[in-house]
Structure formats: C-alpha cells, structure tokens
Amino acid sequence: MTKEVEHIANIIRTHDILRRHDFFIKKKFGQNFLTDSNILTKIVQTAELDKKTNVIEIGPGIGALTQFLLEEAAEVMAFEIDDSLIPILGETLAVYDNFQLVHADVLKIDLNDFIGNFSDPNLPIKVVANLPYYITTPILMHLIKSMIPFQSIVVMMQKEVADRIAAQPGTKAYGSLSIAVQLYMKAQVAFDVSRNVFVPAPNVDSAILKMTRLPQPLVEIKNEDFFFRVVKIAFAHRRKTLINNLIQGFGKDKKEAFENLLKQLKLQPAVRAETLTIFDFARLADGLSFLSD
Ligand code: SAM
C-alpha cells in the first residue's frame, strides 16, 4: 500500500474514529475491527489481488481492510448491514474513487443483482472479508450457492470453523461442513490470527481461510438435497458407526440393505462417517437413492 495514505488499521486511529462518531460496537453484528496493518498486508497477499481484479467485501466496518483492498484491486464493492457505519465509511474512504458501498444485509440480497454495477463487470471477482463470526457458515453457503463467478474467497473466521472447513477425512474436525465446502472449493488455512489485533478482542482465536473454486464440483452429485441429507444423517452421532446412523435416520427395517450396500462399496461394516471421502459419500448416496422421495 502507498506510504502517504494513513492507515485506518491502527489502535489510536480506530478509537479516534469511533469516538468522533459516537459509535458503539454492536456485538449482535459480530463487530471486531482489525487494527494491525501487518495482518492486513498478509490478507491481501493471500488473496493475490491486482488492478485487473474486482473485489466483493462483506462487512467493511470502519474500512480497515477495505482501504488495503482499494489500494490493490480494480474496484471494491462492500456490503454493510449497520446504518451507523455508512457515514463513517463515507469519511474514512473518501479519497478512493474505486469504492462502492451497498447498505444491506448480505444474506437478504442476491449478489448477482449487484455485480453488473462494477465499472468493468468482466474482470475476475474475488471475495475478501473479515466475516461477522455469528453468521460465517450461512454467508459462505450463500456465496457458494450464489453462482457468482468468483475465483476465490479469502476470509477471516473463527479458527475452529476454518479448521473444520479445511479438514481431511480421518480427522476429528472433518464433517458435513468440510464436505459442503470442499465439494465446490479447494480449502486451506492460510494463517492463524491472534485475538489481540482486534478492537474489541473476540473471545475465540481466528484464522484466514483461502478457498479457490474448482473448475467443476469434485464429484458429480445426482441429487444434491438427498446427498446432503445422507451426509447429515451419517454424521448425526459421531460416536456411532455409519450403519447405526443410517438405521437411526432411515429406519431399522433397512438394516440388511445397508449392510449389503457397505459390502458392495467395499466399506468395513464398522466404518464411521468421518473416514469417508466425498467420493465415498457420493457412491453411498447413489446406493441409497431408493430412499430419496
Ligand atoms: N472489515 C472490518 C474489519 O476488518 O475491521 C469489520 C469486520 S467485523 C468482524 C464484521 C462486519 O460485518 C461489521 O462491520 C458488521 O457490521 C458487518 N455485518 C454483520 N452482519 C452483516 C450482514 N448480515 N450483512 C452485511 N454486513 C454485516
């Protein structure tokens, strides 16, 4: 970022902006503002931005991350729910002519209605954000399902959630969230972030997760709703075997059919859901398709 610009992301300036605007942090909106420019530099480096890339940001806050994005990207479109942050952003980011602010609840809008408003809508799009932690998963699912042609998502979230999303089979963290994201995106934890770089400090540790869109879903899923129903049932009780979860979810009378299916799929009778790959789940859901209605 150019040296002449004063960073919003430092503790003194952040408190000064909040005080001058009589702004009170709203916990209900997951407001934890970043105050460390080194972390922001690392985030934009992880996102690999350039002046030929448009950025979507969710929750710009007082503009700490937005400022770094504006310096590196072609244009930034940010979605902020909190009315009282709108005039603050008007002041803190006044010098940038490549910024568009949308005052909205990101979960209540269709992002496709907005991307045509970029000055050059044909440029590639990346999503970069320090997410409100109370709705991390709904926001990610909203983005992935939106069909917006974004290349990658680089976002700050609670470390435990980032670990679950990037988890591989056979680990404790692996579950339905890993599968829901990894079906469409390659996910990796880029780096951890201390709680001390936020105002106020959150009471959990954080991490930056980088997700890159796969050219097509990892495996072809014939009936997505049924696939995710099977995944949910399979992980319903983590201590139980897969077969016992299937019995509980679909009924005891199907026990023999489940045993035969596991044999056919070359899965051990006592296998647990956490050892199955996404490919295994796709084959399992296909084999159980007689139960989809
Ligand atoms: N980007 C800023 C930073 O890094 O300092 C602020 C990040 S803060 C963790 C999350 C931001 O998301 C807040 O500005 C909050 O008001 C906003 N937010 C919360 N829920 C939202 C929603 N449903 N739609 C849009 N913005 C939301």
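Definitions and limits used
Residues numbered from 1 in each chain as written. Predicted model: local features only at pLDDT ≥ 70, side-chain atom pairs only at ≥ 80, totals over all residues. Heavy atoms only, no water. Near = heavy atom within 4 Å. Polar contact = N/O pair within 3.5 Å; in protein donor to acceptor, adjacent residues only side chain to side chain. Areas by Shrake-Rupley, 256 points an atom, 1.4 Å probe, with all protein chains shown as cover. 1 Å grid on protein atoms, 1.4 Å probe; cavity = no way out; pocket = protein on both sides within 12 Å on 5 of 7 lines; lining within 4 Å. Sits in = over half its atoms within 2 Å of the grid points. Helix = DSSP H or I, 4+ residues; strand = E, 2+ residues; numbered from the N terminus. Nonpolar A, V, L, I, M, F, W, Y, C, P; charged D, E, K, R; others polar. Axes fitted to C-alpha atoms, helices over the stretch in contact; angles between N-to-C directions. Parallel < 35°, antiparallel > 145°, perpendicular 65-115°, else oblique. Contact = heavy atoms within 4.5 Å. Points joined across faces, edges and corners; volume = space filled by probe spheres on them. Salt bridge = Lys/Arg side-chain N within 4 Å of Asp/Glu carboxyl O. Buried < 20%, exposed > 50% of the residue type's maximum accessible area, 1.4 Å probe, protein only.

Novice: I tried to follow the site of the ligand on my own but got confused; where do I start?
Specialist: Every one of the 23 residues lining the ligand counts as a neighbour, but Leu 34, Gly 59, Glu 80, Asp 105 and Asn 130 are closest to it. The backbone of Gly 59 places a nitrogen or oxygen atom 2.8 Å from a nitrogen atom of the ligand. Measuring from a nitrogen atom of the ligand, one finds a backbone N or O atom of Val 106 at 3.0 Å. Protein burial of the ligand: of its 600 Å² of free accessible surface, 99% is covered by the chains. One can see that the ligand is located within the largest cavity. Contributing elements (two or more residues each) for the shell around the ligand: β1 (33-34) and β3 (75-80). Here the shell around the ligand is built from residues that sort into 13 nonpolar, 6 polar and 4 charged.

Novice: Any chance you could explain the packing of helix α8 (residues 224-234) against helix α11 (residues 278-287) here in plain terms?
Specialist: Each packed pair of helices is defined by two parameters, the angle between the axes and the distance between the axes. Running from N to C, α8 and α11 cross one another at 110°; their axes reach a closest spacing of 9 Å. Here α8 lies roughly perpendicular to α11, going by the angle between them. The residues of α11 that touch α8, namely those facing Phe 226, Phe 227, Val 230, Val 231 and Ala 234, are Ile 278, Phe 281, Ala 282, Leu 284 and Ala 285. Its residues assigned to classes, the contact of α8 with α11 shows 10 nonpolar, no polar and no charged.

Novice: What is the right way to look at empty space enclosed by the protein in this model?
Specialist: Gaps left between atoms show up when a probe the size of a water molecule is rolled over them. Summed over the entire model, instances satisfying the criterion amount to 1 cavity of 30 Å³ or more. Of the pockets and cavities examined, the largest cavity occupies roughly 370 Å³. Taken together, 29 residues line the largest cavity, and the ones lying closest to its centre are Ile 58, Gly 59, Glu 80, Asn 130 and Pro 132. Breaking the lining of the largest cavity down by element, the ones donating at least two residues are β1, β2 (54-58), α3 (64-72) and β3. Class assignment of the residues belonging to the lining of the largest cavity gives a composition of 19 nonpolar, 7 polar and 3 charged.

Novice: Can you walk me through the packing of α8 against helix α9 (residues 242-250) in this structure?
Specialist: One way to put it is that α8 packs onto α9 with a least axis distance of 8 Å and a crossing angle of 115°. Of the residues in α9, those in contact with Phe 226, Arg 229, Val 230, Ile 233 and Ala 234 of α8 are Leu 242, Asn 245, Leu 246, Gly 249 and Phe 250. Residues belonging to the contact of α8 with α9 are distributed by class as follows: 7 nonpolar, 2 polar and 1 charged.

Novice: Just to check I follow, could you spell out the pattern of salt bridges for this structure?
Specialist: Oppositely charged side chains may form a pair once their charged atoms are brought near each other. Within the structure shown, the criterion is met by 15 salt bridges. Among the ionic pairs, Arg 13 bridges to Glu 6, the shortest N-O distance being 3.9 Å. Taking the relative accessible area as the measure of exposure, Arg 13 reaches 16% and is therefore buried. Salt-bridge contacts for Asp 82 lead to Lys 26; the nearest nitrogen and oxygen are separated by 2.8 Å. With Asp 82 in the loop between β3 and α4 (86-92) and Lys 26 in the loop between α1 (11-20) and β1, this residue pair connects regions lying 56 residues apart in the sequence. Via salt bridges that share partners, Asp 16, Arg 20 and Glu 91 belong to a single interconnected network.

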